[in-house]
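Letter by letter, the chains look like this.
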Amino acid sequence: MVASRSLWLLLPRPLRRLPADLAGVVALVVATNVAVLTPFLRETPLRVPLGLAFVLFVPGYAFVAALFPEAGESPGSSDGDDAAGGTDADGADGWTDSITSRAGIDGIERIALSFGLSIAVVPLLGLVLNFTPWGIRLGPIMLAVSGFTLGATAVATRRRWDLPETERFQVPYREWYAAGREELLEPDTRADTALNVLLVLSVVLAAGSVGYAVLVPPEGEQFSAIYLLTEDDDGELVADDYPSEFVRGESQEVIVGVDNHEGERTAYTVVVLEQDVEVIANETTLENGSTTTVNETVVRDQRELDRFGATVAANESWHYEYDLEPTMTGENQRIVWLLFPEDDVPADPSMDDTEYSVHLWVSVSESDG
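Remember, predicted model here, so these are calculated numbers, not experimental data.

Colleague: What's the story with the sheet that holds strand β4 (residues 252-261) in this structure? I'm lost.
Modeller: Within a sheet, neighbouring strands are paired by backbone hydrogen bonds and run either parallel or antiparallel to one another. Overall, antiparallel pairing links the four strands, which are arranged β2-β1-β4-β7 in an open sheet. Edge positions in the open sheet fall to β2 (237-238) and β7 (317-324), since each of these has one partner strand only. The pairing of strand β1 (residues 223-231) with β4 spans seven bridges and is antiparallel. Its bridge partner being in β4, Leu229 is matched across the sheet by Ile255.

So, in structure tokens, the structure goes:
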């Protein structure tokens, strides 16, 4: 007890004077930033409940606390003298007292406004970031929401300190605890006892259901993908303008992309094949007597051009700048990239061995030399 008291005294005096509810706001902001930005924590379910509270409630609560630092009363709760209208016949003093008592807002109004203002403030911060060089990304969003929340918390703290202690808003923790303890442990009748037990069981069941849904989310479809990209004049990656004309001995760059939707960190092996291909047109007769042409692709020769590895985190993408240099000359050359799990590459890989592949048609000519 003495050690914890000593540690508390080491904190700066403004932090020690911070109201309990606003101290909770600061603690939640810090915890959310740690859970979202720390590498080994951001892949855990901890970021989900913290992130929801951080976006949907905390900014609005800090803003409301800055706007209304004083304590308020529930609508309809007033003293007998106020209800009677005060001492003057025209009720002037009663009207003034009513306005004074409604300067603050009660707890229910404060919570409702916190959700509403959070839903309004966070999109506005995103809109402002959209017109900045940083854009709408995780880092800038975390910084903007954290900065707004901490700034509003500082204003709210200062405004509460400027009020007399009896007029400051305080969360009635002790009253809530005493009322809950009396209701749960000292019921008036057996029926109240049974209802209290059912209430506790319902809360535990609801909390367990939500926790299970967060910690064990339903598994969606698991798959991987491999694709090709190129870089345009603005430096953006696009699925267009692939190189198609090559000279033997010279290379051109393409971007090989791999997407991992397997639900876990996965190691892959990419095998690059070059194939001398002939396309044969075959006529087929349909049931109605008409004929149609079906193209059949025949691989006349195939060589393994290259292979390389890639390790991709769950639900992430990986891009690799690959220098493509075909060695087989001809008009109908097909370059194929095959994607395999790292330890599941066959001895003689082909397109029939994997469902994840991408290909590029090229023409390769001999060099003048």
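Now that the structure has been shown, the text picks up again.
Colleague: Honestly, helix α3 (residues 20-37) in this entry has me stumped. Any pointers?
Modeller: In an α-helix, one turn spans 3.6 residues; hence positions three or four apart end up facing the same way. Taking 1.5 Å per residue, 18 residues should reach 26 Å; α3 reaches 26 Å between its end C-alpha atoms and fits that length. All buried positions along α3 are accounted for by Asp21, Leu22, Val25, Val29, Thr32, Asn33, Ala35 and Val36. Projected down its long axis, α3 shows its buried positions confined to an angular sector of 170 degrees, all on one face.

Colleague: Can you walk me through the environment of Thr297 in this structure?
Modeller: As for its placement among the helices and strands, Thr297 is situated in strand β6 (residues 291-312). As for Thr297 and Ala281, which are separated by 16 residues in sequence, their C-alpha atoms are 8.8 Å apart. In contact with Thr297, other than residues within four places in its own chain, are Val277, Glu278 and Arg334.

Colleague: Would you mind going over the pattern of salt bridges with me for this structure?
Modeller: Opposite charge on two side chains allows them to pair when their charged atoms are near. Tallied over the entire structure, the rule returns seven salt bridges. The partner of Asp276 in a salt bridge is Arg300, with the nearest N and O atoms 3.1 Å apart. Of this pair, Asp276 sits in strand β5 (residues 266-285) while Arg300 sits in strand β6, and the two are 24 residues apart along the sequence. Of the charged contacts in the structure, one is a salt bridge between Glu278 and Arg300, with a shortest N-O distance of 3.8 Å. Here the residue Glu278 occupies a position in strand β5, and Arg300 occupies one in strand β6, the gap between them amounting to 22 residues. On the basis of relative accessibility, which here comes to 33%, the residue Glu278 falls in the partly exposed class.

Colleague: So what exactly am I meant to see when it comes to the environment of Val128 here?
Modeller: Inspection of the secondary structure puts Val128 in helix α8 (residues 107-130). Separated by 16 residues in the primary sequence, Val128 and Ala144 have C-alpha atoms spaced 9.7 Å apart.

Colleague: What is the right way to look at the confidence of the model for the protein in this model?
Modeller: Caution applies to low-pLDDT regions: their predicted coordinates should not be interpreted in detail. Averaged over the protein, the pLDDT score is 80; the fraction of residues at 70 or greater is 82%. The model gives residues 74-102 a pLDDT under 50, and that stretch makes 16 contacts with residues more than four places away or in other chains.

Colleague: Looking at this model, I keep getting lost on unusual backbone geometry. Mind explaining?
Modeller: We note that Asp241 has phi near 60 degrees; this positive angle belongs to a residue other than glycine. Positioned with a positive phi, Asn315 is a non-glycine residue whose angle comes to about 60 degrees. Relative to the helices and strands, Asn315 resides in the loop between β6 and β7.

Colleague: Just checking my understanding: could you explain the packing of aromatic side chains for this structure?
Modeller: Between two aromatic rings, the relevant description is the distance of the centres plus the angle of the planes. In total, this model carries nine aromatic pairs according to the counting rule given. Taken together through their ring pairs, the aromatic side chains of Phe308, Trp318, Tyr320, Tyr322 and Trp337 make up a single cluster. Across the ring face of Phe169, the terminal group of Arg110 is positioned such that the distance to the ring centre comes to 3.7 Å.

Colleague: Explain the side chain of Ser224 to me, please; I cannot follow it from the model alone.
Modeller: For Ser224, the location among the structural elements is in strand β1. Among residues more than four places away in sequence, those in contact with Ser224 are Asp259, Glu262, Tyr268, Leu339 and Tyr356.

Colleague: Would you mind going over the packing of helix α5 (residues 58-67) against helix α9 (residues 138-161) with me for this structure?
Modeller: What describes two packed helices is the angle between their axes and the distance between those same axes. Axis separation between α5 and α9 bottoms out at 7 Å; the angle between their running directions is 25 degrees. One finds that α5 runs roughly parallel with respect to α9. Crossing angle aside, the handedness with which α5 passes α9 is left-handed. Facing α5, whose interface residues are Val58, Pro59, Ala62, Phe63, Ala65, Ala66 and Leu67, α9 presents Val145, Phe148, Thr149, Ala152, Thr153, Val155, Ala156, Arg159 and Arg160.

Colleague: Sorry if this is basic, but what is going on with the nonpolar core here?
Modeller: Within soluble globular proteins, side chains that are nonpolar generally end up buried alongside one another. By size, the foremost hydrophobic cluster in this structure holds 23 residues, and its most contacted members are Ile226, Tyr322 and Trp337. For this core, the secondary structure elements donating two or more residues are β1, β4, β5, β6, β7, β8 (330-341) and β9 (357-365). The leading source of residues in this core is β9, at four residues. Setting aside residues no more than four positions away along its own chain, Ile226 makes contact with Val256, Gly257, Val258, Val270, Trp337, Leu339, Tyr356, Ser357 and Val358. Core analysis: the second largest hydrophobic core is formed by 17 residues, Leu18, Val29, Ala66 and Ala156 among them.

Colleague: What am I meant to see in a negative patch on the surface here?
Modeller: A surface patch of like charges, here negative, comprises Glu231, Asp233, Asp234, Glu236, Asp240, Asp241, Glu250, Glu253, Glu321, Asp323, Glu325 and Asp368. Residue classification places Glu321 among the exposed residues on the basis of a relative accessible area of 52%.

Colleague: Would you mind showing me how to read the pairing of β1 here?
Modeller: Side-chain positions along a regular strand alternate between the two faces of the sheet. The sheet contact formed by β1 and β2 spans two bridges and is antiparallel. Residue pairing across strands places Glu231 opposite Leu237, the latter belonging to β2. A loop of five residues connects β1 with β2, the two strands running antiparallel in sequence, and Gly235 in this loop sits at a positive phi of about 85 degrees.

Reading the values: rules and limits
- Just so you know, the residues in each chain are numbered from 1, in the order the chain's sequence is written.
- Selection of residues for local features in this predicted model requires a pLDDT of at least 70, selection of side-chain atom pairs for listing and counting requires 80 or more, and totals for whole chains, interfaces and linings are taken over all residues.
- Side-chain measures were taken over the full set of non-hydrogen atoms in the model, leaving aside hydrogen atoms and water.
- Strand pairing is assigned whenever DSSP identifies at least 2 bridges connecting the two strands.
- Runs of H or I in DSSP of at least four residues are treated as helices and runs of E of at least two as strands, each being numbered from the N terminus.
- Every helix has an expected span of 1.5 Å times one less than the residues it contains.
- Only protein chains enter the accessibility calculation, which uses a 1.4 Å probe; a residue is then buried when its area is under 20% of its type maximum, exposed when over 50%, and partly exposed in between.
- It is the directions from the helix axis to the C-beta atoms that the arc portrays.
- In this description, contact between two residues means that some pair of their heavy atoms is separated by no more than 4.5 Å.
- Salt bridge criterion: a side-chain nitrogen from Lys or Arg within 4 Å of a carboxyl oxygen from Asp or Glu.
- Each residue carries a pLDDT score, the predictor's confidence in it, ranging from 0 to 100.
- In this scheme Phe, Tyr and Trp rings, the latter by its six-membered ring, pair at centre separations within 6.5 Å, and the angle between planes marks the pair as stacked below 30 degrees, edge-to-face above 60, and tilted otherwise.
- In our convention, an over-ring charge means Lys NZ or Arg CZ found within 6 Å of a ring centre and within 35 degrees of that ring's normal.
- Lines fitted to C-alpha atoms define the axes, with helix axes restricted to the stretch in contact, and inter-axis angles between N-to-C directions lie between 0 and 180 degrees.
- Convention used here: angles under 35 degrees read as roughly parallel, angles over 145 as roughly antiparallel, angles from 65 to 115 as roughly perpendicular, and any remaining angle as oblique.
- By definition, any crossing whose near helix is turned counterclockwise from its far helix by less than a right angle is left-handed, and any crossing with a clockwise turn is right-handed.
- Definition used in this section: a nonpolar core is a set of buried Ala, Val, Leu, Ile, Met, Phe, Trp, Tyr and Cys residues joined via side-chain atoms within 4.5 Å.
- Here a patch means residues that are over 30% exposed by relative accessible area and free of salt bridges, tied together within 9 Å if like-charged and within 5 Å if nonpolar (Val, Leu, Ile, Met, Phe, Trp, Tyr).
- Accessible surface area values rest on a Shrake-Rupley calculation with a 1.4 Å probe, where residue burial reflects the displayed protein chains alone.
- The charge count includes Lys and Arg as positive and Asp and Glu as negative, but it does not include His or the ends of the chains.
- For charged residues, the charge sits on one atom: NZ in Lys, CZ in Arg, CG in Asp, CD in Glu.

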